[in-house]
Each structure stands twice: as structure tokens, then as C-alpha cells.
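Listed below are the residues making up each chain.
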Amino acid sequence: MQLIKNILKNIFLTEFIFKNKYIFTSILLSFFLISYYHLSIGYVMSSDSYTYSTWADDLIKLKFNLKEYYLQNSFIVSSVFYTTPVILAALCKFFFGTEWQYAFLFLNMFFLFLSLIIFTKSLLILNVRPILIFITMPTLVVSVDLLVWPRYILSDMSFAFLVVLITYVIIRCIVKNKFDYSIIFLLTLMILISRPSSLPVVFAILSFILISKASIYKNIKLTFIIIFTIFMLTPCMFTILYYFIELNYSENIQLSFLTEMVKSGMIIHDRPETWIAAPNTFIDILKIYFLRLVNFFNPYAESFSTIHIILNSFQFFLVLLSSITWIFIGGNVKSIDRTILFILLLSFSVASFHAFTLIDYDWRYRFPTILPLIMILPLSMEIFLKKIIRNP
């Protein structure tokens, strides 16, 4: 608990507020606009929300005895992976009764506010110019993901907060050139018990710690080649894994659920317009996994409104352009290079996991990667300005 207090104390130092009044004002304005939009619409309950509600009731009946709760919950996926949202829902129900959804919504707004603070603080400790952070804030305000998921009574906002928090901790470790394993372990554990799709985030954290020893970030071109090669080979590895499951674990309910979706040609869940013909060959299956991997960041869907598509495309274009900028002119600021490498590793890991399992109808599972990905925008601008100043 003391570790969490130390992290929050560092984030909310009064020095940060008073030395960066314009940035803090932009954070408040951005938060006001986003939260006003959500609060004016109100909370949204999905099918998963009702499941969390039922589980929260069970936890309250057991007087918050997690051991007993884990033993009696017979869901297809271990209930340990849903601990965080269930506890939050149970606490809201316990203290606010029938108004618990509003309490949960305000809690999500609080996590949103903390996320915006952490987003800014992460960039400041990398010595990104305040004006560049100020310019970036409107991008957050028009991010469709930030304008959709925080109002849902789901794990998304709390999970996104934990992801941006661990990103901040990793950045601090990068700047100090020393990993704080105690804090990383604690946050990784909290992430792990937040939802099953936390696995790729945990994988990205552990992988980054390991590859940091290799110092591949020193050669940006080599880093890009390695990332691109892994990207191209991933569908092939998934196809081999598909056949392995079919041959050895076809009776396993959880695994057969994944392979059955591939057999139907599914790309995006519940969006038949994205599906392709049922696969018959190795190449057909490889194509499905490749399309899933690419479509994880797809800004377009037939049912999206014009403004939705425009805003999604704008965000996608900025992140893509920023990443390309880093590839071609990066390599001179070690801390920024390592940060972008971690963000790309995190995003690719999450995308790969869902390419193999399931990409949700509304691309819900990419939401936790949005704030880290948008960080690349001011980071690339900082790299660009440093290069101009160095070579006038």
C-alpha cells in the first residue's frame, strides 16, 4: 500500500501543478469536456455489466470473503481474473445501494482524471516540451475510445488506468535507468486480476524488462525490422498453434471455442461483413489471423457514423505518422526510444492476443492501448524539434 501512496504522491506533487499551470489547466479542461459528455449521456450497462453485478452480489453475501467467492464461482474463466471490477462493483453496491451504477460511473471519471494526469506526467519526466503536451490534449478530447468506454459499467476504464499507470512506472524506470521491481510486481499483479485480457500486458512488461538488457533500441532501424518481422510471422505461429490445438485439445471447451470462430472465417466478432469464407487450407487460416491482426487497429466499420470514422482515422493517422517519424529520425534520445519501444511492444502484444482469441464488436479491447499510443505523438514532435535545433 505504501508503494501506491509513493507513486500517487510523486504524480500529484504540488510542484507539478504550480510549475505547469497551463498544462494542468488543459488537463482540467480536457477532463471537463470528456466527463461532461459521459455524464450527460449517463451510464451504460452491457451484458458483462450484469454479470459483474451478479458476482458483486455474491461477494457481498459472502462478506467480501474472496477465498469463498473464488471457490463458488464456476465461470468458464477463473474468477480471479475478474477480481478488480467485481470488488469495485461490490463496494459501490455496498455503500450506495440502488444508485451503485452512478457511483461506478463517477469512479470511472476519477480514473479518467488520474489517467490524464499520469499521461502528462509521463511526458514531462521525459523532458517533452510543455507546449507539445498542450497541443496533444485536444487529440485526447476527440478520441472516440475516450468518448465511449468510460461511461460503461465495465472493467475498461479501471484497466486502462492501470495500463497507463504501469506505463508511467516503466518510463520512470527508464529515466532512472533502473527497474523498480517491487512496484512493477505489485502493479502487474493488480493488472493480472483485472481481466483475462491482462495477459498480453503482463507479457509486454516482462518482455520489455528482458529485451532492455539487449539494448536493441540503440539501433532504430534494426528495432523496426525485428518488430516488422515478428508482426509478419505472428499469423504463421498462430496457424501452427491452431493445428496443434485441433490435433491435441479438440475436446477442450475453452480452446475449441477459439478454433470454431476461425472455422467460421470470423474476423471481428458479431460483424459478419468482416468475415471471409470458411478456411480449407493452411494459407486460408493464416489469412484469417493476419486480417485479425491488421483489423485490430482498423478505424472503419460499416455501422460507424461519418464523424466516428473521421475521428478514428484522424487518431490512427497521427499515431502512424508519429511512429514513422520515430523510425526515421529517432535514435538520439535513449529514454524516448525505450519508451516508444515499450508502447509498441505493449500495443503489438495486446493486438496479437486478441487476433488469436477475439476482437470485440466495438473494438473494446484496444481501449487500454490508446493513451500510451497517443503518447508517441508528442514524443515524435520532441524528437523532431531536437533534430532541427541540433541541425539548423
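Notes on the structure in this doc start here. (Residues numbered from 1 in each chain as written. Predicted model: local features only at pLDDT ≥ 70, side-chain atom pairs only at ≥ 80, totals over all residues. Heavy atoms only, no water.)

As for the layout of surface pockets
Taken as a whole, the second largest pocket spans an internal volume of roughly 840 Å³. Taken together, 28 residues line the second largest pocket, and the ones lying closest to its centre are Phe-297, Phe-316, Leu-320, Ser-323 and Leu-344. Elements represented by at least two residues in the lining of the second largest pocket include exactly α13 (220-248), α15 (282-295), α16 (306-329), α17 (334-356) and α18 (367-390). With 9 residues, α16 is the single largest residue contributor to the lining of the second largest pocket. Looking at the lining of the second largest pocket, its residues break down into 21 nonpolar, 5 polar and 2 charged. (1 Å grid on protein atoms, 1.4 Å probe; cavity = no way out; pocket = protein on both sides within 12 Å on 5 of 7 lines; lining within 4 Å. Points joined across faces, edges and corners; volume = space filled by probe spheres on them. Helix = DSSP H or I, 4+ residues; strand = E, 2+ residues; numbered from the N terminus. Nonpolar A, V, L, I, M, F, W, Y, C, P; charged D, E, K, R; others polar.)

Describing the packing of aromatic side chains
Throughout the structure, instances matching the rule amount to 28 aromatic pairs. Taken together, Tyr-52, Trp-55, Phe-75 and Tyr-82 form an aromatic cluster joined through their ring pairs. It is Arg-271 that lies over the ring of Tyr-361; its NZ or CZ is 3.9 Å from the centre. (Phe/Tyr/Trp six-rings, centres within 6.5 Å; stacked < 30°, edge-to-face > 60°. Lys NZ or Arg CZ within 6 Å of the ring centre and 35° of its normal.)

Here's the deal with the pattern of salt bridges
Considering all chains together, one arrives at 11 salt bridges under this definition. A salt bridge links Arg-129 to Glu-382; the shortest N-O distance between them is 2.3 Å. Within this pair, whereas Arg-129 is found in the loop between α7 (100-124) and α8 (130-141), its partner Glu-382 is found in helix α18, the two being separated by 253 residues in sequence. Overall, the relative accessible area of 27% leaves Arg-129 in the partly exposed class. Between Arg-271 and Glu-273 there is a salt bridge, with the nearest N and O atoms lying 3.6 Å from each other. Given the relative accessible area of 2%, Arg-271 is considered buried. (Salt bridge = Lys/Arg side-chain N within 4 Å of Asp/Glu carboxyl O. Buried < 20%, exposed > 50% of the residue type's maximum accessible area, 1.4 Å probe, protein only.)

Re the environment of His-308
Residue position: His-308 is located in helix α16. The class of His-308 is buried, set by a relative accessible area of 19%. A C-alpha to C-alpha distance of 43 Å links His-308 and Leu-62, two positions 246 residues apart in sequence.

Focus: the packing of α13 against helix α14 (residues 253-263)
Two numbers describe how α13 lies on α14: the axes approach to 10 Å, and their chain directions differ by 120°. When the interaxial angle is binned, α13 and α14 end up oblique. Where α13 crosses over α14, the two elements pack in a sense that is left-handed. Only Leu-255, Thr-259, Val-262 and Lys-263 of α14 make contact with α13, whose side of the interface consists of Tyr-242, Ile-245 and Glu-246. A breakdown of the residues in the contact of α13 with α14 according to their chemical character gives 4 nonpolar, 1 polar and 2 charged. (Axes fitted to C-alpha atoms, helices over the stretch in contact; angles between N-to-C directions. Parallel < 35°, antiparallel > 145°, perpendicular 65-115°, else oblique. Left-handed = near helix turned anticlockwise from the far one by under 90°. Contact = heavy atoms within 4.5 Å.)

Digging into helix α4 (residues 47-61)
For α4, spanning 15 residues, the distance from its first C-alpha to its last is 22 Å, which sits close to the expected 21 Å at 1.5 Å a residue. All of the buried residues in α4 are Ser-49, Tyr-52, Ser-53, Trp-55, Ala-56 and Leu-59. Packed against the buried residues of α4 are α5 (66-72), α6 (83-96) and α7. Lys-63 occupies a position one or two residues after α4 and carries a positive phi of about 55°. (Expected span 1.5 Å × (residues − 1).)

Some remarks on unusual backbone geometry
Non-glycine residue Phe-64 carries a positive phi angle of around 60°. Mapped onto the secondary structure, Phe-64 falls in the loop between α4 and α5. Of the residues examined, Phe-64 reaches a relative accessible area of 29% and is grouped as partly exposed. Of note in this structure, Asn-127 is not a glycine but carries a positive phi near 65°. Take Asn-127: it is sitting in the loop between α7 and α8. Exposure remark for Asn-127: the relative accessible area of 60% places this residue in the exposed category.

Interpretation in functional terms is not warranted from these geometric data alone.
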